[in-house]
Protein chains: 2
Amino acid sequence: MSIRIGILGYGNLGKGVESAVGQNPDMELKAVFTRRNPEGVKVRTEGVKVLHADELAHMQDEIDVLILCGGSATDLPVQTPKYAQMYNVVDSFDTHAKIPEHFAAVDEAAEKAGKISIISCGWDPGMFSLNRLYADAVLPEGSAYTFWGKGVSQGHSDAVRRIAGVKDARQYTIPVPEAVEEVRSGSNPTLTTRQKHTRECFVVAEDGADTARIENEIKTMPNYFADYDTTVHFITEEEMKRDHSGLPHGGCVIRTGKTGMNREHKHVIEYHLTLDSNPEFTGSVITAYARAAYRMNQEGMKGCKTVLDIAPAYLSAKSGEELRAHLL
Amino acid sequence: MSIRIGILGYGNLGKGVESAVGQNPDMELKAVFTRRNPEGVKVRTEGVKVLHADELAHMQDEIDVLILCGGSATDLPVQTPKYAQMYNVVDSFDTHAKIPEHFAAVDEAAEKAGKISIISCGWDPGMFSLNRLYADAVLPEGSAYTFWGKGVSQGHSDAVRRIAGVKDARQYTIPVPEAVEEVRSGSNPTLTTRQKHTRECFVVAEDGADTARIENEIKTMPNYFADYDTTVHFITEEEMKRDHSGLPHGGCVIRTGKTGMNREHKHVIEYHLTLDSNPEFTGSVITAYARAAYRMNQEGMKGCKTVLDIAPAYLSAKSGEELRAHLL
C-alpha cells in the first residue's frame, strides 16, 4: 500500500513536493489543500483533488502524512502545531533563531496525538545541518563554514521589491571564491560577513524612477545589504523574464580539523549542493522525510523530530538488507 | 562519567582511535588489548594499560565500548561476533561483499548479549555510505558515483610488495579529473574502471632486480592493476621514506539527478573528503560511533547496526537542545 500524502499550500514549495511525490513509487498524492478557493487552484497531477484547508478537520483516515508548504514567518508557527494534533506532518520551518520554540510547541502537540512531526526539513536547515553535525562529531577540533549560493534569495528579492520605484527584482547570493578556497586550504580563517558573500541585484525600475536613489536604498539597507558588497543592475522586464525566471540555489558546508597525538594531520570535509530549482530540491528532501515520518509512526514512535534525530535508513524505500548489500 | 573505551589491536587504526579518544573529553581510554606480548607494546596515552586480549574475558565492568581495530580479511570475521557477546563493539569491516553475512553473525551475538554492535564504520563504508543513502533518497531519479583518492591503497601497496625483487612499494589511487568533471556536469556518463581511476606506484627494487619485469608484473596483475592505466616509478629507499611515509586518502561521492513534472531541473550533490591520515580519520569516525553505541545501549537498544541505522544526534556529545539551537 502506498503512503498517502497531503499537501497544504500550493506555492513553489507545494509544487516541488508534488513533483517529488510523483518520483517515489511507494507514495501517492491524495489531495492538495488550500486556504484559497479550491476551484481556483489547478494541480498538475492527474486525479488529485483540491480541497479547502478546512476539510483537514476530518481527513485523518485518508492521509498518512501531511506536508506543510507554508512560509516560516506567519504560516508554520500556527499550522504545524495545529496539524501535528491530527496528522504525521513535515514542515520546512527555517527561521533558525525560533527553532527551539517551534520545536517545543510541535512536540507537545505530536506527543499528545501519538503522531510524528518532522520540522525544519530541506537543505538548510536540513541536509546542511546533517553535514554540520556529522563533521562536528567526527572532527571535534576544527571549524565549520557554511556558504550559500550562487542562488536566488527570495527574502532579499522581496526586500528590494518593496523599495519605491521598483517593479520587479531578483537577488543572487554569491559566495566569495577566495574565501571558499581559503577555508578549503584548512587555514581556518576568521571571515567577516562581507568577506564570505557578495550580493547581486537585478532590478526592473518603474518608468521614470530615480535609479540612483534605488541603488543607494538597496546598498544601505540594514541587515539585508549594508554589511555586504552589493552590485545593482537595472534591466528590462523582458531581460528579467528571459534570464532570471528560475530559482537556482546551492552552497556548501566545509569543516576542517586536525587529528593525531600532536594534531599533526589536517582533514577537510566538504558537502556541496548545486541546484537548478530550490523549491523542487527542498520538496524532494521533505518527501523523503515524509516516508521517514510514516515509517517511524508505524513503529510506534511519536513526538517532534528534526533531521538530526532520524536514522538515515528511514528515508529510503529500500529494505535494510538491500541497503547493506548494495549501498553501504 | 566518561565513556570508557577499550581498543583491541594497536596498529595504524588502533593508534588513530587512541588519538581520537583523546580529542573527546567525554571519553576515556581505559586499556589497549593486544594478541602480542603486552610488554612489547607501548601506547602513547599516559596511564593507559596494555593487556593481553585474553583479559577481555573478564573486563566487562571496566569497558563501555570495545573498538575492534583488526583487519577485515581474517581478524574481524572472528573477533566481532566473539566480542559482541560481551561488549558494545564497533568495527570497520570493509569487505563490501561480505557485509550481509558479517551483519548476520554479529547481530545474533549482540541480540543475545543485549549489547549494541556497530559494523563497517569509517569513511567507506561509513561516511560515504551515508552520503550515498541520503542522496539516493532525495534524488530517486539519478545516478551516483564514488571516486577514491588521491590516496594510498594499502591493499595495492601490499600486492606490489609481494612481487619478487620488490623491497618496498607505495600505491596511490587517483581519480581521473576529466571523469569527475563529467559526472559533476550532470551528463550522467557510463564510465569504465579504467576511465574512473588511474594507479601510480612507487617502488624500491632490490639491488640488481630486473625493473622491466617488475613493472610488467605490476601492470598486468589481474584485479589489482590490469584494468587500470598504471604508472610505475622506481625510487630509492631514502626517497620512499622522505616522500611517501604518510597515509593520505580521500575521495568523493557525487549524485546527480532530475526533478520537476518534466524532469526539467538538474541537481548535483557532492561529498568530498581530503585526508592527511586515513587511519586517524577512520579512527575519528569510529570514535564518534562508539559514543552512539554507548548511548543507544544505555537507552535499552541492542543488536547489530550500521551507520545507516543510527540517528545522527547519537554521534554528538551535545544535547538535543544545543544541537537544535546552534547547529540545525
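What you are looking at is a predicted structure, and each value in this text was computed from that prediction instead of being measured. (Residues numbered from 1 in each chain as written. Chains lettered and ligands numbered in written order. Predicted model: local features only at pLDDT ≥ 70, side-chain atom pairs only at ≥ 80, totals over all residues. Heavy atoms only, no water.)

> Mind laying out the sheet that holds strand β10 (residues 197–205) of chain A, listing which residues take part and the relevant values?
Residue and element names in this part refer to chain A. Spatially, the 4 strands line up as an open sheet ordered β8-β9-β10-β11, and their pairing is mixed. In this open sheet, the two edge strands, each paired with only one partner strand, are β8 (151–152) and β11 (229–234). Inspection of the sheet shows strand β9 (residues 166–175) paired to β10 by 9 bridges, in the antiparallel sense. When the bridges of β10 are listed, D168 appears paired with V204. Along the sheet, helix α8 (residues 211–219) makes contact with β9, β10 and β11, crossing β11 at roughly 150°. (Pairing = 2+ DSSP bridges. Helix = DSSP H or I, 4+ residues; strand = E, 2+ residues; numbered from the N terminus. Contact = heavy atoms within 4.5 Å. Axes fitted to C-alpha atoms, helices over the stretch in contact; angles between N-to-C directions.)

> Can you break down the sheet that holds strand β3 (residues 49–52) of chain B residue by residue, with the values?
All names here are of chain B. Strand order in this open sheet of 7 strands is β3-β2-β1-β4-β5-β6-β14, and the pairing throughout is parallel. In the strand order of this sheet, the two ends are held by β3 and β14 (303–305), each with one partner. Taking the axes of each pair of neighbouring strands and ignoring which way they run, one obtains an average angle of 25° across the sheet. Across 2 bridges, the pairing between strand β5 (residues 88–90) and strand β6 (residues 116–118) is parallel. Following the sheet pairing, V89 is matched in β6 by S117. Set on the sheet, helix α3 (residues 99–113) makes contact with β6 and β14; between it and β14 the angle comes to about 140°.

> Give me the pairing of β9(A): which residues, what numbers.
All names here are of chain A. Counting buried residues along β9, 8 of its 10 residues qualify, which places the element largely inside the surrounding structure. Sheet topology note: the β8/β9 ladder contains 2 bridges and is antiparallel. Considered in β9, the bridge of G151 is made with T173. (Buried < 20%, exposed > 50% of the residue type's maximum accessible area, 1.4 Å probe, protein only.)

> I'd love a proper account of the relation of the copies chain A and chain B, names of residues and values included.
Each of the two copies of the chain can be brought onto the other by a rotation about an axis and a shift along it. Under the fitted operation, chain A is carried onto chain B by 0.0 Å of movement along the axis and a turn of 180°, and the coordinates agree to an RMSD of 0.0 Å. Such a turn and shift between the copies fits a two-fold axis. Considering only C-alpha atoms, the part of chain A nearest the rotation axis is A311(A), at 1.9 Å. Taken as a fraction of all interface residues of chain A, those also at the interface in chain B reach 100%, which identifies the copy contact as same-surface. (Least-squares fit on C-alpha atoms with pLDDT ≥ 70 in both.)

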